[in-house]
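A closer look at the structure
Spelled out, the chains give:
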Amino acid sequence: MGNYLGYNSKMLAFGMMRLPRAKGKVDLEQTKAMVDVFMERGFNYFDTAYVYGDGESERAVKAAVVDRYPREAFWLTDKLPFWDTEKPEQFNEMFEESLRRTGAGYFDIYLLHSLNEELYEKTERLGGWDFLKELKAKGRIRHMGFSFHDTPEVLDKILTEHPEAEVVQLQINYADWENPAVQSRGCYEVARKHGKPILIMEPVKGSALATLNPAMRKVFEDANPNASVASWAVRYAASLDGVMTVLSGMSNMEQMLDNTSYMTEFAPLSEDEQETIGKVVEMLNEIPVVPCTKCRYCVDSCPQKIDIPNAFEIYNELLLFEDRHRAERKYKRIEEGRPSTCIECGSCMEHCPQHIEIPEELKKVTGTLGE
Ligand code: SF4
Ligand code: SF4
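None of these values were measured; they are calculated from a predicted model.

About the thresholds
- Residues numbered from 1 in each chain as written.
- Chains lettered and ligands numbered in written order.
- Predicted model: local features only at pLDDT ≥ 70, side-chain atom pairs only at ≥ 80, totals over all residues.
- Heavy atoms only, no water.
- Buried < 20%, exposed > 50% of the residue type's maximum accessible area, 1.4 Å probe, protein only.
- Helix = DSSP H or I, 4+ residues; strand = E, 2+ residues; numbered from the N terminus.
- Pairing = 2+ DSSP bridges.
- Right-handed = clockwise from strand over helix to strand, strands pointing away.
- Axes fitted to C-alpha atoms, helices over the stretch in contact; angles between N-to-C directions.
- Core = buried A, V, L, I, M, F, W, Y, C linked by side-chain atoms within 4.5 Å.
- Contact = heavy atoms within 4.5 Å.
- 1 Å grid on protein atoms, 1.4 Å probe; cavity = no way out; pocket = protein on both sides within 12 Å on 5 of 7 lines; lining within 4 Å.
- Points joined across faces, edges and corners; volume = space filled by probe spheres on them.
- Nonpolar A, V, L, I, M, F, W, Y, C, P; charged D, E, K, R; others polar.
- Domains from an automatic or database assignment.
- Buried area = accessible area lost by both parts, 1.4 Å probe.
- Salt bridge = Lys/Arg side-chain N within 4 Å of Asp/Glu carboxyl O.
- Parallel < 35°, antiparallel > 145°, perpendicular 65-115°, else oblique.

Attention now moves to the pairing of strand β8 (residues 107-115). The element β8 is extensively covered by neighbouring structure, given that eight of its nine residues are classed as buried. Examined bridge by bridge, strand β7 (residues 75-80) and β8 share four bridges and lie parallel to one another. Its bridge partner lying in β8, Lys79 is registered against Leu111. Note that the unit made of β7, helix α3 (residues 89-102) and β8 has a crossover that is right-handed. Across six bridges, the pairing between β8 and strand β9 (residues 141-148) is parallel.

We now examine the sheet that holds strand β12 (residues 243-249). An order of β3-β6-β7-β8-β9-β10-β11-β12 is seen for the eight strands of this closed barrel, with the pairing classed as parallel. The mean inter-strand angle of the sheet, taken between neighbouring strand axes irrespective of direction, is 25°. Bridging between strand β3 (residues 13-15) and β12 involves three bridges; their strand directions are parallel. Residue pairing for β12: Ala13 is matched across the bridge by Leu247.

Attention now moves to the nonpolar core. Grouped together as the largest cluster of nonpolar side chains are 90 residues, with contacts concentrated most on Phe14, Phe46, Leu115, Phe146, Phe148 and Tyr174. Ranked by the residues each element gives to this core, the list is headed by helix α10 (residues 229-238), at eight residues. Look past the residues within four positions of Phe14 in its chain and what remains in contact with it is Leu19, Met34, Val35, Phe38, Tyr45, Phe46, Asp47, Ser248, Met250 and Met256.

A separate point is the layout of surface pockets. Its volume calculated, the second largest pocket comes out at about 560 Å³. The class makeup of the residues in the lining of the second largest pocket is 18 nonpolar, five polar and six charged. Taken domain by domain, the makeup of the lining of the second largest pocket includes at least three residues from each of domain 1 (3-279) and domain 2 (299-369).

What follows is about the domain arrangement of the protein chain. According to the domain assignment, the protein chain consists of domain 1 (3-279) and domain 2 (299-369). Taken as a group, Lys205, Ala208 and Asn213 account for 50% of the area that domain 1 buries against domain 2, more than any other trio of residues on that side. Taken together, domain 1 and domain 2 are joined by one salt bridge. A salt bridge links Lys205 to Glu317, with the nearest nitrogen and oxygen atoms 3.6 Å apart.

Let's shift gears to the packing of helix α1 (residues 28-40) against helix α11 (residues 253-263). Contact pair α1 / α11: the axes reach a minimum separation of 10 Å and the direction vectors enclose 5°. In this view, α1 runs roughly parallel relative to α11, as classed from their interaxial angle. Contacts between α1 and α11 pair Gln30, Ala33, Met34, Val37 and Phe38 from the former with Met253, Met256, Leu257 and Thr260 from the latter.

See below:
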């Protein structure tokens, strides 16, 4: 914990991606009430992005935060997407659109959204970093950085080549700390090596670590019957050194009241509490998941265009967290290349460094989640 980029680190940020909904749109009245609780309890960091809800999130930030509080009373982070962008002029259009939708005047932090190796190369080609530097020089953003989903090696390359990045947003939670598909620990260590403050996203892994399976929930409830299951995950993330704040995507007042109750007077996890989390991690490790690391070496060779790692990820999360509703929702979203179209040609297996019997494992996926 500490003071990073001039931000008096309060260890909970309001992620505004999955806001409460009513009648098919963002429930602004509930969002405003949540913002008020958040501010009253001493928090002031909000996170949105150009792509969240096709602008709905940014507009909700305006209505619930910007129009109701003095600009200096809060920090606002926004993000520039470029996965569908081929022209540098579009950067400025999207940035101006974000400013217009939020009415914020400037962003305290502006991030290149969701960098991985491929998107990093694209930002290099299109001049994404120069664009951010220009915005900062003009005072339109205060600080710059990126959010990230790839390996520690790629993170190291980006931070080495772009020391001007002031902050990095990483997916960190206790279930992904040693998960080979996410490598939270490796990425965290690289960011620390480069001395960058860390914004943590996905501390409860979507909602998976707020639900868990009954046996794991019991471990937490036995250790502290008054603490919510989610609180263990948020406090785990906030207890790491070098963390500027932890983003929690809050979707209703109940989550807001719970999160702010234990984060107002934040206490890092004690040794006993770390051990309790260790027990749950051991239980997670005993579940026979498909050992896919999401390297994607198999994907291009599939004549059926099956997104093999995505299918395994959904299946693994169902095994680990028993959140069937979430798994089915994600599984339904697969449009092209449904796992059930596998013709068992075996060409994917020639590329898999984990030697996974992919067609056999895909049968388990379809057997559990359907055609
Ligand atoms: S075995 Fe199935 S998943 Fe693998 S390449 Fe062939 S069709 Fe695709
Ligand atoms: S090659 Fe193997 S480990 Fe890599 S994504 Fe495909 S199934 Fe997963």
